[in-house]
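# Reading the structure
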Amino acid sequence: MIILKITPGFRIRPRLLAALACFILESSQAQPITPTATNEPTTVIAPSLAGDSIVLPTGFNDPIEPFNRAMWGFNKGFATWVVRPASKTYRRVVFKPVRTGIANMGKNLTFPGKLLNNMLQGKWAGMGQETVRCICNTMLGVGGFFDLATQWGIPRSDASFGQTFTKWGWKPGSYLMLPVFGPSDVRDGTGLVGDAAANPMTYFFPFSWISPGVRANDFTDTVEGAVRFSQAEPDSYSLLQYAWSFAHQNRQVDMRVTGDQDQASLETLQSALFTYQDAEFPARGKTRSVLIPATGKKLEFTFWLQPGHAPVVYLVPGFGAHRLAGNELGLAELLYKNGFSAVTLSSTFHPEFMEHASTSDLLSYPPADVRDLHVALTEIDHRLDAKYRHRLGSRALMGYSLGAFQSLFLAAQAATNDAPLVKFERYVAIDSPIDLRYAVTNLDRFYQAPLVWSSEERNANIQNMLLKVVAVSEQTPQPGAVLPFNAVESKFLISMALRLTLRDAIFSSQLRHNQGVLKQPLEKSRRRAAYDEIMQYSFRDYIDKFATPYDATKGIDLANPDVVKNATDLRPYSAELQANPNIRVIANRNDILLAAEDLAWMEATFAPAHVTLFERGGHLGNLSQPAVQRAILGALDGLGAFQKKSKMEESLDYKRAPVTELGELELSQVSSGSRK
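Each value, and the rule that gives it
- Residues numbered from 1 in each chain as written.
- Predicted model: local features only at pLDDT ≥ 70, side-chain atom pairs only at ≥ 80, totals over all residues.
- Heavy atoms only, no water.
- Helix = DSSP H or I, 4+ residues; strand = E, 2+ residues; numbered from the N terminus.
- Buried < 20%, exposed > 50% of the residue type's maximum accessible area, 1.4 Å probe, protein only.
- Areas by Shrake-Rupley, 256 points an atom, 1.4 Å probe, with all protein chains shown as cover.
- Patch = residues over 30% accessible without salt bridge, like charges linked within 9 Å, V, L, I, M, F, W, Y side chains within 5 Å.
- Salt bridge = Lys/Arg side-chain N within 4 Å of Asp/Glu carboxyl O.
- Arc of directions from axis to C-beta.
- Polar contact = N/O pair within 3.5 Å; in protein donor to acceptor, adjacent residues only side chain to side chain.
- Pairing = 2+ DSSP bridges.
- Axes fitted to C-alpha atoms, helices over the stretch in contact; angles between N-to-C directions.
- Phe/Tyr/Trp six-rings, centres within 6.5 Å; stacked < 30°, edge-to-face > 60°.
- Lys, Arg positive; Asp, Glu negative; His and termini not counted.
- Charge placed at Lys NZ, Arg CZ, Asp CG, Glu CD.
- Right-handed = clockwise from strand over helix to strand, strands pointing away.
- pLDDT = per-residue confidence, 0-100.
- Contact = heavy atoms within 4.5 Å.
- Core = buried A, V, L, I, M, F, W, Y, C linked by side-chain atoms within 4.5 Å.
- Parallel < 35°, antiparallel > 145°, perpendicular 65-115°, else oblique.
- Nonpolar A, V, L, I, M, F, W, Y, C, P; charged D, E, K, R; others polar.
- Left-handed = near helix turned anticlockwise from the far one by under 90°.
- 1 Å grid on protein atoms, 1.4 Å probe; cavity = no way out; pocket = protein on both sides within 12 Å on 5 of 7 lines; lining within 4 Å.
- Points joined across faces, edges and corners; volume = space filled by probe spheres on them.

## Description of the overall build of the chain
Helix and strand counts for the chain stand at 29 helices and 10 strands. In the chain, which comprises 676 residues, the proportion classed as buried is 56%. Carbon and sulfur atoms make up 58% of the accessible area of the chain, which amounts to about 27600 Å² in all.

Structural data, given as structure tokens:
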């Protein structure tokens, strides 16, 4: 099914956020890195620059968007409630080698169609290759169960009626979401009918059931990722449609890296490659919900509990991330393997949290957002404690990126927390911004990076950048590989991913409380025009045009520098943070969201034994590295993990990441007694 070719790329996304799932993968064609300066001084983007002139390439023509969205809703429901439960049973009964063999046989049975379409396209060499493959696999591979042809290096020449129609000049037409099959267009949808007609099994009952059976067999290994993608993305339809638009284009791509590369942003892109290792780990988690008193709605959370008494780590994700996002699951698996119970919930900026647990129509004032987060954590803890009290040990709060900022904000208030709210014995902050204003200013600057290209070449370069990503997306991503993007491209990809998150947050907020800022109509079933308008709003625009007017109605004056500083900067809480001995901080010196003075403040505020700094990694880009994972686990020392520390060390897979410059983090780790 076409959808299965798209969804694996989304499975690895942390979003950073969703776009990076599609736009960040390894390549061996990159040029040597030329490091550039990082931790630039704090600056503020002038209002005249906040509204940039970057225009993203449009996705596929989608005139029947309401119909397609309805069909995507059917596909999500079918995968979630029918295919997924059946697949769990099927995978227990039919082992992976057998499933692979069945998939091989299914491909072998499509030989007549591939032979015919190679002929119709005039690909005579392809006809010969497919014939040799079919004979080899049929006669020596037990009817195609074993793909010996691939093992022996016989090339494939896949061909379909969709490709044939393309060769004959039929333009693709409109985007079309097919039931079960997923993304397509009018041309390729018609081609599927031709492919079925070219399969001899179609005409002989009961053999006509073989192709659907093979398709169902193939889907069992990808349905978990497909379902998580549909659950985790605020608008999975839009993201899938946009990614498919580029993956579907048969265009030449220039893979060269022109100009210098930026070390910090390239390493930041590596965060998309950190996720869970055990394919069955996400499915082992239990998802439940709690009623949030202030909203009267239920918020879902997911947890993995140890079989015995163990510390519980609540994971708070980065900006807009879902509880089933790649980084969230990667950290949950790391913790669970090393004796901790893990609980995940969505970011306060994800629509799941915004629409169910936020007391604000528009998230714009961090103290209020943190309060809502603390209330949600309390309700979750109460529900778990009511049922699993004998298995719940010390409570720890671990956040990364924006979640780390919120965790430190809570840690600063720990001494004065209201009694009913859950208290934590440890606060762990991974790559926390210190000043949110500096962080979003840098992100706006990154989004403007393509402005260094002339207007004549800018759109073509952005299109080539996205096509370049598609070209490498079929390679197996490996942490530590240098990605084939220059400094402009890597910075833009990071900011584009976060702009998509901001887009979803703005759309969700305006659906619930329309401030009249947007000129395009807000419709759930037809969103493209509104999305195109929202993508022109920078983070600065969000603050000026949405947040400031909204907060003014709540008596919060964001024009007051003192109010803003107390809400968006951790420095005013230095004394409270210094007085809390339960805080552990892990950060990278070249984090794109930190200024040089932020690093100096961090070292001056926290005890040397409580802060670990790595020289490299960008923002979250080194989470897959053993040294960083040991630091994360070490930050939880003393909480009484279910396993002994020696087991914790042994469970880390030192072969998980290749030995590269990025992998040699331990040599440059700054810790107690070794600070520069």
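## Concerning a nonpolar patch on the surface
Side chains of Ile 135, Met 139, Leu 140 and Trp 152 sit close together on the surface and give an oily, nonpolar patch of about 490 Å² of accessible area. Overall, the relative accessible area of 65% leaves Met 139 in the exposed class.

## Details of helix H25 (residues 561-568)
Those residues of H25 lying buried are Val 564, Ala 567 and Thr 568. Projection of H25 onto a plane perpendicular to its axis shows the buried side chains occupying an angular sector of 80°, all on one side. Its side-chain oxygen placed 2.9 Å from the backbone nitrogen of Asp 562, Asn 560 serves as the N-cap of H25.

## Some points on the sheet that holds strand S7 (residues 392-400)
If you trace the eight strands from one edge of the open sheet to the other, you get S3-S4-S6-S5-S7-S8-S9-S10, paired in mixed fashion. Among the strands making up the open sheet, the edge pair consists of strand S3 (286-292) and strand S10 (611-614). The average undirected angle you get between the axes of adjacent strands in this sheet is 20°. Relative to S10, strand S9 (residues 583-588) runs parallel, the two sharing four bridges.

## What to know about the packing of aromatic side chains
Following the criterion strictly, the structure yields 23 aromatic pairs and no others. Judged by centre distance (5.0 Å) and plane angle (75°), the rings of Phe 145 and Phe 146 are edge-to-face. Note on Phe 424 and Tyr 427: the rings are 5.8 Å apart at their centroids and 70° apart in plane angle, and the pair reads as edge-to-face. The exposure class of Phe 424 is buried, given its relative accessible area of 7%. Grouped by ring-pair contacts, the aromatic residues Phe 60, Tyr 175, Tyr 237 and Trp 244 constitute a single cluster.

## Describing the side chain of Asp 235
Along the chain, the position of Asp 235 falls in the loop between helix H12 (223-232) and helix H13 (236-247). Residue classification places Asp 235 among the buried residues on the basis of a relative accessible area of 6%.

## Here we look at a positive patch on the surface
A cluster of like positive charges, contributed by Lys 286, Arg 288, Lys 298, Arg 383 and Lys 387, occupies part of the molecular surface. For the positive patch, the secondary-structure elements that each account for two or more residues are S3 and helix H18 (366-388). Judged by relative accessible area, Lys 286 falls into the partly exposed class, the value being 39%.

## Observations concerning the pairing of strand S6 (residues 341-344)
The two faces of S6 match: Ser 341 and Val 343 on one face and Ala 342 and Thr 344 on the other face are all buried. The pairing of strand S4 (residues 297-304) with S6 spans three bridges and is antiparallel. Bridging from a neighbouring strand, Trp 304 pairs with Ala 342 of S6. Alignment of strand S5 (residues 310-316) against S6, held across four bridges, turns out to be parallel. Pairing of Val 313 across the sheet is with Ala 342, part of S6. In this fold, S5 hands off to helix H16 (residues 326-337), which returns the chain to S6; that crossover is right-handed.

## Let's talk about the confidence of the model for the chain
Mean pLDDT over the chain works out to 82, with 85% of the residues at or above the 70 mark. The low-confidence segment residues 644-651 (pLDDT under 50) makes 11 contacts with residues lying over four places distant or belonging to another chain. Here residues 653-676 is a poorly scored stretch, pLDDT under 50, and it has 51 contacts once near neighbours within four places are set aside; other chains count.

## Some details on the nonpolar core
If you look at the biggest cluster of nonpolar residues, it comprises 113 residues, and the most contacted ones within it are Tyr 314, Leu 377, Leu 384, Leu 577, Met 602 and Phe 606. At 11 residues, the largest contribution of residues to this core is made by helix H22 (residues 487-512). Beyond its immediate sequence surroundings of up to four residues, Leu 577 is in contact with Leu 408, Ala 411, Ala 412, Leu 570, Ile 583, Trp 601, Thr 605 and Phe 606. Listed in part, the 33 residues of the second largest apolar core include Leu 315, Leu 334, Ile 586 and Leu 620.

## Topic: the packing of H18 against helix H19 (residues 402-412)
Their axes nearest at 10 Å, the elements H18 and H19 cross at an angle of 85°. Relative to H19, H18 is oriented roughly perpendicular. Each of Pro 366, Pro 367, Asp 369, Val 370, Leu 373, His 374 and Leu 377 in H18 lies in contact with H19, whose residues at this interface are Phe 405, Gln 406, Phe 409 and Leu 410. Across the contact of H18 with H19, the residue classes tally to eight nonpolar, two polar and one charged.

## Some thoughts on the pattern of salt bridges
Enumeration over the complete set of coordinates arrives at 32 salt bridges. Across the salt bridge formed by Asp 158 and Lys 114, the nearest N and O atoms sit 3.7 Å from each other. Linking Asp 158 in the loop between helix H8 (148-151) and helix H9 (161-167) with Lys 114 in helix H6 (residues 111-120), this pair joins segments that are 44 residues apart in sequence. The exposure class of Lys 114 is buried, given its relative accessible area of 9%. In this structure, Arg 323 and Glu 352 form a salt bridge, with 2.9 Å as the shortest nitrogen-oxygen distance. Here the residue Arg 323 occupies a position in the loop between S5 and H16, and Glu 352 occupies one in helix H17 (residues 351-354), the gap between them amounting to 29 residues. Comparing Arg 323 with Glu 352, the two get one shared label, buried. A single network of salt bridges, built from pairs that share partners, joins Asp 435, Arg 437, Lys 565, Asp 569, Arg 571 and Asp 598.

## A look at the packing of H6 against helix H7 (residues 124-140)
When two helices pack together, their arrangement is captured by the angle between the axes and the distance separating the axes. It is at 8 Å that the axes of H6 and H7 come closest, and there the two elements cross at 165°. In this view, H6 runs roughly antiparallel relative to H7, as classed from their interaxial angle. When the axes of H6 and H7 are compared, the crossing they make is left-handed. Contacts from Phe 111, Lys 114, Leu 115, Asn 118 and Met 119 in H6 reach Trp 124, Gly 126, Met 127, Glu 130, Thr 131 and Cys 134 in H7. Per-class residue counts for the contact of H6 with H7 are six nonpolar, three polar and two charged.

## Quick notes on empty space enclosed by the protein
Put simply, the largest cavity is a space of about 130 Å³. Surrounding the largest cavity, Asn 104, Lys 107, Asn 108, Phe 111, Lys 114, Glu 130, Arg 133, Cys 134, Asn 137, Gly 144, Asp 147 and Arg 156 form its lining. Elements with a contribution of two residues or more to the lining of the largest cavity: helix H5 (96-109), H6 and H7. By residue number, the principal contributor to the lining of the largest cavity is H7, which donates four residues. When its residues are assigned to classes, the lining of the largest cavity shows two nonpolar, four polar and six charged.

## Focus on the pairing of S4
The side chains of a regular strand alternate between both faces of the sheet. Two elements, S3 and S4, share seven bridges in a ladder whose sense is antiparallel. For Leu 291, the partnering residue across the bridge sits in S4 and is Lys 298. From the end of S3 to the start of S4, which pair antiparallel, there are four residues, and Gly 296 there has a positive phi angle of about 70°.

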